[in-house]
Amino acid sequence: MTPAAWLDTALDRTIVLGYGAPGLRVRRRLPGWPRDEERMDGKVVLITGAASGIGLAAATGLARAGASVHVLGRNAERADEAARRVRAAVGPRAGRVLPEACDLGSLAELRAFTARFLADEDRLDVLVNNAGVMPEHRTRTDDGVELAFATHVLAPWVLTAALTPLLRRAAPSRVVNVTSGGQYAQHLLVGDPESRTDRYSPKRFYARTKRAQVVVTQEWAKRLAPYGVHVHAMHPGWVDTPGVRRWMPVFRVLTRPVLRDPEQGADTIVWLASAPPAAHTTGLLWHDRAPRPATYALGARADSAAARRELWTYVSDLADVPAPV
């Protein structure tokens, strides 16, 4: 292992430094830091959770690279404001920036949105599933699905399945699922994918659904690889976002000196959207432009093949959208 690789791994294992802004600053100075993202003129991108934080920063970076960016917010007001902010930040260099409204907790809205998108676009080069929630109390959607599970697992599954025809048409294309480092401490619950029998904890349920998101990423990667669709997960580290300020105020106070800003958190998303390594591999978990283990020996145990199959079947049945492969 080279000294640069050793330092990179050491940063990853320390968590505090590696997940914070110091880790990114150090890595950018190491030999072998991957080159900047490429131009994306003519490419079409869809980003969920684009109204603020990491999603807004990613949309800005991708628009600056020349992509046509669809910024998806929970409602029309949030989507319009996000599009306005991206255009203002990038100026005349921006590609098309188009607001999209969809409540990801509603299967009816997801189906209506994907139908519109399929009618309006003839390709999709990059799908970024970034939206996240951490309800204070156990909350169910109108479809009866726990809200964090609906947002982090079910909605990305529906979007990926429904929009696969456009992704295949744009191949080599990418799907980037934004997860959390907290997923390392969780595993799938066999026989209870939605954690219905477990006492609710906002942070634990958030992390557990993010673990499920990584598993679904790997499953999609296997299924879509023959069609040139590359599916990856990434975690942004510790980022000072509106969600952190709202849902984790104590954590923010304790970690504020090392928190990343949203642009730093979005760096790997923007890079994965265009960098060649993302189209030469699939099914990986990335952090700071490098693949990382999906599980660690000191974290939660690896999920069994049976648990993975159960999760896939459960989500696909909930979605009631035919898997395209």
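Remember, predicted model here, so these are calculated numbers, not experimental data.

Thresholds, definitions, all that
Residues numbered from 1 in each chain as written. Predicted model: local features only at pLDDT ≥ 70, side-chain atom pairs only at ≥ 80, totals over all residues. Heavy atoms only, no water. Axes fitted to C-alpha atoms, helices over the stretch in contact; angles between N-to-C directions. Helix = DSSP H or I, 4+ residues; strand = E, 2+ residues; numbered from the N terminus. Parallel < 35°, antiparallel > 145°, perpendicular 65-115°, else oblique. Contact = heavy atoms within 4.5 Å. Nonpolar A, V, L, I, M, F, W, Y, C, P; charged D, E, K, R; others polar. Buried < 20%, exposed > 50% of the residue type's maximum accessible area, 1.4 Å probe, protein only. Pairing = 2+ DSSP bridges. Right-handed = clockwise from strand over helix to strand, strands pointing away. Core = buried A, V, L, I, M, F, W, Y, C linked by side-chain atoms within 4.5 Å.

**Q** Honestly, the packing of helix α7 (residues 147–169) against helix α13 (residues 305–319) in this entry has me stumped. Any pointers?
**A** Helix packing for two helices is described by the angle between their axes and how far apart those axes are. α13 packs onto α7 with a crossing angle of 75° between their chain directions and a minimal axis gap of 9 Å. With respect to α13, the axis of α7 lies roughly perpendicular. Mapping the contact onto sequence places Phe149, Val153, Leu154, Trp157 and Val158 in α7 and Leu311, Trp312, Tyr314, Val315, Ser316, Leu318 and Ala319 in α13. Residue classes in the contact of α7 with α13 are distributed as 11 nonpolar, one polar and no charged.

**Q** Would you take a moment to explain the pairing of strand β6 (residues 229–234) for this structure?
**A** If a strand is regular, its side chains alternate between the two faces of the sheet. Here β6 lies mainly inside the structure; six of its six residues are buried. In terms of strand pairing, strand β5 (residues 173–178) meets β6 through six bridges, oriented parallel. Looking at β6, one finds that Val176 is bridged to His232. This β-α-β element, β5 to helix α8 (residues 202–224) to β6, shows right-handed connectivity. Two strands pair when backbone bridges link them, and β6 and strand β7 (residues 285–287) are joined in this way by two bridges, in the parallel orientation. Counted as the bridge partner of Ala233 is Leu285 from β7.

**Q** Whenever I open this one, the environment of Leu7 confuses me. Can you help?
**A** Within the element layout of this structure, Leu7 appears in helix α1 (residues 3–14). The class for Leu7 is partly exposed, based on a relative accessible area of 30%. Expressed as a C-alpha distance, the spacing of Leu7 and Val26, which sit 19 residues apart in the sequence, is 9.0 Å. With near-sequence residues (within four places) excluded, Leu7 lies in contact with Val26 and Leu30.

**Q** Before we go on, may I ask you to explain the nonpolar core in this structure?
**A** Side chains of a nonpolar character, in soluble globular proteins, are inclined to be buried together. Among the nonpolar cores identified, the biggest contains 41 residues, and Leu124 and Trp157 are the most heavily contacted of them. Counting only elements with at least two residues in this core, the list comes to β1 (44–47), α6 (107–120), α7, α8, β6 and α13. In terms of residue count, the dominant contributor to this core is α7 (12 residues). Those residues in contact with Leu124 that sit more than four places away from it in its chain are Val44, Val45, Leu46, Phe117, Leu163, Leu166, Leu167, Ala170 and Ser173. Grouped together as the second largest cluster of nonpolar side chains are 36 residues, Ala59, Val69, Val239 and Ile269 included.

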